[in-house]
Amino acid sequence: MADSDSRTLMLVGAINAFREHGIATTSLTEIVERSGAPRGSVYHYFPEGKGQLAGEAVAYFGRGISAAISSMIAQSSPPEIIDAVVTIFRNSLVESNFTSSCPVAAAAVEGSSTPAALTAAGESFTSWESLLTSFFWQQGQPSETAAQWATVVIASIEGATLMAKAQHTTAPLDRIGAHLKALVSAPS
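None of these values were measured; they are calculated from a predicted model.

How each quantity is defined
- Residues numbered from 1 in each chain as written.
- Predicted model: local features only at pLDDT ≥ 70, side-chain atom pairs only at ≥ 80, totals over all residues.
- Heavy atoms only, no water.
- Helix = DSSP H or I, 4+ residues; strand = E, 2+ residues; numbered from the N terminus.
- Rg over C-alpha atoms; globule rule 2.2 N^0.38 Å.
- Buried < 20%, exposed > 50% of the residue type's maximum accessible area, 1.4 Å probe, protein only.
- Contact = heavy atoms within 4.5 Å.
- Areas by Shrake-Rupley, 256 points an atom, 1.4 Å probe, with all protein chains shown as cover.
- Lys, Arg positive; Asp, Glu negative; His and termini not counted.
- Charge placed at Lys NZ, Arg CZ, Asp CG, Glu CD.
- Core = buried A, V, L, I, M, F, W, Y, C linked by side-chain atoms within 4.5 Å.
- Phe/Tyr/Trp six-rings, centres within 6.5 Å; stacked < 30°, edge-to-face > 60°.
- UniProt positions renumbered as here; feature names shortened; annotations may be inferred.
- Axes fitted to C-alpha atoms, helices over the stretch in contact; angles between N-to-C directions.
- Parallel < 35°, antiparallel > 145°, perpendicular 65-115°, else oblique.
- Left-handed = near helix turned anticlockwise from the far one by under 90°.
- Expected span 1.5 Å × (residues − 1).
- Polar contact = N/O pair within 3.5 Å; in protein donor to acceptor, adjacent residues only side chain to side chain.

(A) Focus on the overall build of the chain. When its secondary structure is counted, the chain shows nine helices and zero strands. Relative to the compact-globule value of 16 Å for 188 residues, the chain shows a C-alpha radius of gyration of 17 Å, a close match. Sorting the 188 residues of the chain into buried and exposed places 46% on the buried side. Of all intrachain contacts in the chain linking residues separated by at least 6 positions in sequence, the fraction that spans at least 24 positions is 65%. Surface summary for the chain: the accessible area is close to 8800 Å², and the carbon and sulfur share equals 57%. Here the chain contributes 10 positively and 16 negatively charged side chains, and the mean placements of these two sets differ by 5 Å.

See the structure below:
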């Protein structure tokens, strides 16, 4: 396995653990076990330790969602974008039996204990909002409305994901998805 593959496996292992347990309560041992990498490789790839790994894992996840949004923007309407993003988060919850949520949200909540992850979370949210703001603006919304919609979409989906995890049901995501689709479908 190439170095970059091992490093990526460690990032994915960290993401999956953070999604289930948060950052603070996830041990390096669990990350190593999930990734299949030798324990010593954590410090080989992340010499600053868990804080560096957390920051890079959150950034990696954030870039993945940004890439997904970017690819959808090229071929989707505003309601289709809402459906697609809600589906990403719904599938994660259902596939994990409601144990998994968003590692970016976990980093934001636990920010003071992992500053690099908090920074990566802020950058991820900013990227997602920027992509959606640009998209809504290109769809004909005034720039201020486009920015408001982007913030409402991201904040609503993240909040509904946390509610869905706690309640063990996708109902909050389903309701917020329907509401957001109505919002972005309304004539301006």
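Having put the structure on the table, let's press on.
(B) Structural context of the nonpolar core. Val58, Ile69, Trp128, Leu132, Phe136, Ile157 and Leu173 are the most contacted members of the largest nonpolar core, which totals 54 residues. With ten residues, the single largest contributor to this core is helix α4 (residues 50-73). If we ignore the near neighbours within four places in the chain, the residues touching tryptophan 128 are Phe61, Gly62, Ile65, Ser66, Ile69, Cys102, Val104, Ile154 and Glu158.

(C) Highlighting the packing of aromatic side chains. On inspection of all chains with the given rule, the structure shows four aromatic pairs. Arranged with centres 5.5 Å apart and planes meeting at 85 degrees, the rings of phenylalanine 125 and tryptophan 128 form a pair that is edge-to-face. Here tryptophan 128 and phenylalanine 125 lie together in helix α7 (residues 115-138), a separation of three residues that amounts to about one turn. Each ring, one from phenylalanine 136 and one from tryptophan 149, has its centre 5.4 Å from the other, and the planes form 85 degrees; the classification is edge-to-face.

(D) Representation of the UniProt feature "DNA-binding region" (unreviewed entry) in the chain. Within this structure's numbering, the places UniProt gives as "DNA-binding region" (unreviewed entry) are residues 27-46. As annotated, residues 27-46 has a helix share of 65% and a strand share of 0%, and its two end C-alpha atoms lie 14 Å apart.

(E) Just unusual backbone geometry, in detail. Positioned with a positive phi, phenylalanine 98 is a non-glycine residue whose angle comes to about 65 degrees. Mapping phenylalanine 98 onto the fold places it in the loop between α5 (78-95) and α6 (103-109). We note that histidine 168 has phi near 55 degrees; this positive angle belongs to a residue other than glycine. Looking at the secondary structure, you find histidine 168 in the loop between α8 (143-167) and α9 (171-185).

(F) Layout of the packing of α5 against α9. Remark: α5 packs on α9, axes separated minimally by 8 Å, with the N-to-C direction vectors making an angle of 165 degrees. Looking at the two axes, α5 sits roughly antiparallel to α9. The handedness of the crossing between α5 and α9 is right-handed. Contacts from Pro78, Pro79, Ile82, Asp83, Val86, Phe89, Arg90 and Leu93 in α5 reach Leu173, Asp174, Gly177, Leu180, Lys181, Val184 and Ser185 in α9.

(G) Representation of the environment of serine 130. Inspection of the secondary structure puts serine 130 in helix α7. In this structure the C-alpha to C-alpha distance between serine 130 and threonine 99, which are 31 residues apart in sequence, comes to 29 Å.

(H) Structural context of α9. If you check α9, its first and last C-alpha atoms are 21 Å apart, about what 15 residues at 1.5 Å a residue would give, namely 21 Å. Buried residues in α9 make contact with α5, α7 and α8.

(I) Expanded view of the environment of isoleucine 73. The topology assignment puts isoleucine 73 in helix α4. For the pair isoleucine 73 and leucine 132, spaced 59 residues apart in sequence, the C-alpha separation works out to 8.3 Å. Excluding its chain neighbours within four sequence positions, the residues that come into contact with isoleucine 73 are Ile81, Leu131 and Phe135.

(J) Broad picture of the side chain of serine 92. Mapped onto the elements of the fold, serine 92 is located in helix α5. Polar contacts involving the side chain of serine 92 include one to the side chain of serine 100, which spans 3.3 Å. Ignoring any residue separated from it by four or fewer positions in sequence, one finds serine 92 in contact with Arg19 and Ser100.

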